[in-house]
Amino acid sequence: MLLAIGSGSLTGFTLGLIGGGGSILATPLLIYVVGIRDVHTALGTGALAVSANAYLNLISHALRGHLWWRCALIFTVAGSLGAYFGSSLGKLVDGQRLLFLFGLVMMFVSFAMRGAKSQAVSTPQSLSALTHGKTGLTALLTGTCSGFFGIGGGFLIVPGLLLATGMPLINAVGTSLLAVGTFGLTTTINYASSGLVDWRISGYFIAGGIAGGIFGTIVSTRLSTHRDVLTQIFRGVIFSVSLYVLWRSYIAP
């Protein structure tokens, strides 16, 4: 119970701090710290916990004006379709192979974001219909990855929003949480239909994530005034977790 609450607090903090990127911690923590042996059960359980924590963190970011609501809704609706398809596909793949692929994709994204910089010139009013179309297509692809890797694929949501809209990173962090919550809920429903959710551990994980999420949002808001600090934190978290996941997948029997 204590391990689940502590792991939930850490995940909630990173969700508040870097948005969708924080979801990458859920599955590794449930497997390697809490001790869920079955990878697919960890994915389903993590999806439920991350979904609840993302919605709670969404409130804090919304009150601070960090959300671009139209982009959030487009990304969420289009991405949820991809999340259902991706989670259906993910249940068919061997668990250890899924974790190894997860680690590879994380490492790729951490390198791809090396030159990423927050942009302050883009505003919600400056986005065109073409940009919204690009957002929807990016969301469909991102949602598929989120479902396939459990909500762990949600770390792609922030880079996806930056790529599609050019919004400042603090807005991408806040805006991503609506998509993270909804992708996670979609994935949870799919996994729960196959009995792959541990409801008790999810409850502990969610409880721990509440306080962590509030603290993470406060820190994220303060860091947003320092150019590109959040970007470097985002990259560092993704790269570090990718190394650990790849190592554990390699030594797994």
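Residues numbered from 1 in each chain as written. Predicted model: local features only at pLDDT ≥ 70, side-chain atom pairs only at ≥ 80, totals over all residues. Heavy atoms only, no water.

Another aspect to go through is the overall build of the protein. The helix and strand inventory of the protein stands at 10 helices and zero strands. Tracing the protein from N to C terminus, the helices and strands come up as α-α-α-α-α-α-α-α-α-α. Restricting the contact set of the protein to residue pairs at least 6 apart, pairs at least 24 apart contribute 86%. Surface exposure of the protein reaches about 10600 Å², of which carbon and sulfur atoms provide 69%. (Helix = DSSP H or I, 4+ residues; strand = E, 2+ residues; numbered from the N terminus. Contact = heavy atoms within 4.5 Å. Areas by Shrake-Rupley, 256 points an atom, 1.4 Å probe, with all protein chains shown as cover.)

Of all hydrophobic cores here, the largest spans 63 residues; its most connected members are Ile24, Met106 and Phe155. The element that contributes the greatest number of residues to this core is helix α8 (residues 169-192), accounting for 10 residues. (Core = buried A, V, L, I, M, F, W, Y, C linked by side-chain atoms within 4.5 Å. Buried < 20%, exposed > 50% of the residue type's maximum accessible area, 1.4 Å probe, protein only.)

The next thing to look at is the packing of helix α5 (residues 95-112) against helix α10 (residues 229-251). Taken N-terminus to C-terminus, the directions of α5 and α10 make an angle of 150°; their axes are 8 Å apart at the nearest point. The angle between the axes of α5 and α10 places the two elements in the roughly antiparallel class. The crossing of α5 and α10 is left-handed. Across the interface between the two elements, Gln96, Leu99, Phe100, Gly103, Leu104, Met106, Met107, Val109, Ser110 and Phe111 from α5 touch Arg235, Ile238, Phe239, Val241, Ser242, Leu243, Val245, Leu246 and Ser249 from α10. Across the contact of α5 with α10, the residue classes break down as 13 nonpolar, five polar and one charged. (Axes fitted to C-alpha atoms, helices over the stretch in contact; angles between N-to-C directions. Parallel < 35°, antiparallel > 145°, perpendicular 65-115°, else oblique. Left-handed = near helix turned anticlockwise from the far one by under 90°. Nonpolar A, V, L, I, M, F, W, Y, C, P; charged D, E, K, R; others polar.)

This model, assessed by the stated rule, comprises five aromatic pairs. Relative to tyrosine 244, the ring of tyrosine 32 lies with its centre 5.3 Å away and its plane at 90°, an arrangement referred to as edge-to-face. Of this pair, tyrosine 32 sits in helix α2 (residues 26-34) while tyrosine 244 is found in helix α10, placing the two residues 212 residues apart along the sequence. Owing to a relative accessible area of 19%, tyrosine 32 belongs among the buried residues under this scheme. Put simply, the rings of Tyr32, Tyr244 and Trp247 pair up and form one aromatic cluster. (Phe/Tyr/Trp six-rings, centres within 6.5 Å; stacked < 30°, edge-to-face > 60°.)

To continue, consider α10. For α10, with 23 residues, the first-to-last C-alpha span of 34 Å sits near the 33 Å given by 1.5 Å per residue. Every buried residue of α10 is listed here: Leu230, Thr231, Phe234, Arg235, Ile238, Val241, Ser242, Val245, Leu246 and Ser249. Contact partners of the buried residues in α10: α1 (2-18), α2, α5, α7 (157-165), α8 and α9 (199-223). (Expected span 1.5 Å × (residues − 1).)

Spatial relationships are all this shows, so hold off on functional conclusions.
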